[in-house]
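# Fold and geometry: a report
Here are the chains, one letter per residue:
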Amino acid sequence: MRRPFEYIGEAIRGGLDWAGGISLLLGRSLIRGVQRPWGIYDVFSQIVALGIRSLPLSTLMGVFVGMALTWQFGEALMSFGAKNAVGSAAALALVRELVPTLMALTIGAKIATGVTAELGSMKVSEQIDAIASLGADPIKKLVWPRLVASTVTLPLLNIYGNVLALIGGALIADVVFDVPAEYFYETYIDELYPMDYISGLVKSFTFGLLVGLIGCYQGFQTKFGTEAVGISTTNTVVATSVAIIVFDFVLTTIFLPVG
């Protein structure tokens, strides 16, 4: 019977191997991606594909996150007779934390699993080997466009989500708590400083990079077999969620004292 320490050791070794593989893929992508040909068409096609397909979910997430959080803060502030401060209370939580993190956990996981399923299917059907046999670089052709696209797409969707969260919060403040939407907007904007926007964008940029890396890495690591793509996709969801939560904590500890 195996000892618990053996399982822990294997888990740690597997985690280090996974982190090393991710880092190696990032290094190779950065070195080969900046070389000619740059594949600008492939990059933009991936940006359009990932961004446009994510707009419906981004819209729902942005509006309802803003509405839900504003409602929660409004109920709490009413107990102290300070419902007019609901805009100030909601601003920092939405822009700094909730919108970038929830967007990454939902839309980022969607993007990562889509990339894994696509590349995993190509791996199982030996299309990646065919690309390499024709003299093309699979990392340059397949990984680099998706990595750039996810890194660019999530910050753009974060900006879009922030606008929708503001609209949703103003709607709840006006309809439920009788706080005029104009006043909610003024207090919301006045509470925010440039560093608050920057911290949210840096988080989205980091999450987008993680999403692209994990999705591509898991796709390339897909084993052969009928269940391989499903297993890789499931592992991608878990890895993406854990990585986003961990890096969210790290980035919060970096930016929070600055604000």
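All residue numbers refer to positions counted from 1 along the written sequence of the respective chain. Selection of residues for local features in this predicted model requires a pLDDT of at least 70, selection of side-chain atom pairs for listing and counting requires 80 or more, and totals for whole chains, interfaces and linings are taken over all residues. Water and hydrogen atoms were dropped before computing side-chain values, which therefore reflect all heavy atoms in the structure.

In the nomenclature of an unreviewed UniProt entry, the chain is known as ABC transporter permease of Nannocystis bainbridge.

### Let's talk about the overall build of the chain
Strands here are runs of E lasting at least two residues and helices are runs of H or I lasting at least four, both read from the DSSP assignment and numbered beginning at the N terminus. Helix and strand content of the chain: 8 helices and 0 strands. Along the chain, helices and strands appear, N-terminal first, in the series α-α-α-α-α-α-α-α. Considering only C-alpha atoms, the chain reaches an extent of 70 × 55 × 35 Å along its principal axes. Exposed residues in this analysis have more than 50% of their type's maximum accessible area, buried residues have under 20%, and partly exposed residues fall in between, with area computed by a 1.4 Å probe over protein chains only. Counting across all 259 residues of the chain, residues that qualify as buried make up 44%. Residue pairs in contact within the chain that sit at least 24 positions apart in sequence constitute 86% of those at least 6 positions apart. Reported accessibility uses the Shrake-Rupley method at a 1.4 Å probe radius. Residues are deemed covered only where the shown protein chains occlude them. Just so you have it, the chain exposes about 13600 Å², and 70% of that area is on carbon and sulfur atoms. Taking the 16 positively charged and 19 negatively charged side chains of the chain as two groups, their mean positions are separated by 14 Å. Any pair of residues with heavy atoms lying within 4.5 Å of one another is described as a contacting pair. Positive charge is attributed to Lys and Arg, negative charge to Asp and Glu, and no charge count is given to His or to the chain ends. Note on charges: their place is set at NZ of Lys, CZ of Arg, CG of Asp or CD of Glu.

### Re the side chain of Lys123
The residue Lys123 is located in helix H3 (residues 86–124) in this model. Two N or O atoms form a polar contact when they lie within 3.5 Å of each other; inside protein one atom must be a possible hydrogen donor and the other a possible acceptor, and for residues adjacent in sequence the pair counts only when both atoms belong to side chains. Within the structure, the side chain of Lys123 is placed 3.2 Å from the backbone oxygen of Thr222, a separation counted as a polar contact. Those residues in contact with Lys123 that sit more than four places away from it in its chain are Ile128, Gly219, Phe220, Gln221, Thr222 and Phe224.

### Examining the UniProt feature "transmembrane region" (unreviewed entry) in the chain
UniProt positions are given in the numbering used here, feature names are shortened, and annotations may be inferred rather than shown by experiment. Taking the UniProt record as the reference, the feature "transmembrane region" (unreviewed entry) is found at residues 43–69, 156–177, 197–217 and 237–258. Helix makes up 91% of residues 156–177 and strand 0%, whereas the separation of the span's terminal C-alpha atoms amounts to 31 Å.

### Quick word on the nonpolar core
Side-chain atoms within 4.5 Å are what join buried Ala, Val, Leu, Ile, Met, Phe, Trp, Tyr and Cys residues into a set we call a nonpolar core. Counting 56 residues, the largest nonpolar core has Leu25, Leu94, Leu119, Leu142, Phe184 and Tyr188 as its most contacted members. Secondary structure elements with two or more residues in this core: helix H1 (4–33), helix H2 (40–78), H3, helix H4 (127–133), helix H5 (138–175), helix H6 (181–190), helix H7 (194–220) and helix H8 (228–255). Not counting chain neighbours up to four residues away, the residues in contact with Leu142 comprise Leu119, Met122, Ile128, Ile131 and Phe220.

### As for H6
Considered for burial, the residues of H6 that qualify are Phe184, Thr187 and Tyr188. The buried residues of H6 occupy one face: seen down the axis, they fall within an arc of 105°. Relative to its buried face, H6 has exposed residues pointing more than 90 degrees away, namely Glu182 and Asp190. Looking at the packing, one finds that the buried side of H6 touches H2, H3 and H5. An arc is given here, and it is the one of the directions from the helix axis to the C-beta atoms.

### Structural notes on the packing of H3 against H6
All axes here are fitted lines through C-alpha atoms, helices being fitted over the stretch that makes contact, and every angle between N-to-C directions spans 0 to 180 degrees. Direction vectors running N to C along H3 and H6 enclose 50°, while the axes themselves pass 7 Å from each other. Here H6 runs oblique to H3, going by the angle between their axes. The hand of the H3/H6 crossing is right-handed. On H6, the residues touching Val86, Gly87, Ser88, Ala90, Ala91, Leu94 and Val95 of H3 are Phe184, Thr187 and Tyr188. Per-class residue counts for the contact of H3 with H6 are 7 nonpolar, 3 polar and no charged. Angles below 35 degrees are treated as roughly parallel, those above 145 as roughly antiparallel, those between 65 and 115 as roughly perpendicular, and all remaining angles as oblique. Here a crossing is taken to be left-handed if its near helix is turned anticlockwise relative to the far helix by less than a right angle, and right-handed if that turn runs clockwise. Classification convention: Asp, Glu, Lys, Arg as charged; Ala, Val, Leu, Ile, Met, Phe, Trp, Tyr, Cys, Pro as nonpolar; all other residues, Gly among them, as polar.

### Overview of the side chain of Thr240
Tracing the backbone through its elements, the reader meets Thr240 in helix H8. On the basis of relative accessibility, which here comes to 2%, the residue Thr240 falls in the buried class. Within the local environment of Thr240, its side chain forms a polar contact with the backbone oxygen of Thr236, the two atoms lying 2.7 Å apart. Apart from the residues within four sequence positions on either side, Thr240 is in contact with Gly108, Ala109, Ala112, Val211 and Ile214.

### Notes on the packing of H1 against H5
Put simply, H1 and H5 touch, their axes get as near as 10 Å, and they point 100° apart. The orientation of H1 relative to H5 falls into the category roughly perpendicular. In contact with Leu25, Leu26, Arg28, Ser29, Leu30, Arg32 and Gly33 of H1, H5 contributes Ile139, Lys140, Val143, Trp144 and Leu147. Its residues assigned to classes, the contact of H1 with H5 shows 7 nonpolar, 2 polar and 3 charged.

### Quick word on the packing of aromatic side chains
When the centres of two rings from Phe, Tyr and Trp lie within 6.5 Å, Trp using its six-membered ring, the rings pair. Their planes under 30 degrees apart give stacked, over 60 give edge-to-face, and anything left gives tilted. All told, the structure shown has 2 aromatic pairs when counted by the stated rule. Between Trp18 and Tyr217, the ring centres sit 6.4 Å apart and the planes meet at 85°, which makes this aromatic pair edge-to-face. On the criterion of sequence distance, the pair formed by Trp18 in helix H1 and Tyr217 in helix H7 is long-range, its members being 199 residues apart. Under the relative-accessibility criterion, Trp18 is labelled partly exposed at 28%. When the ring of Phe184 is compared with that of Tyr188, the centres are 5.7 Å apart and the planes differ by 40°; the resulting orientation is tilted. Within this pair, Phe184 and its partner Tyr188 are both found in helix H6, separated by 4 residues, close to a single helical turn. In this structure, Phe184 and Tyr188 share a single accessibility class: buried.

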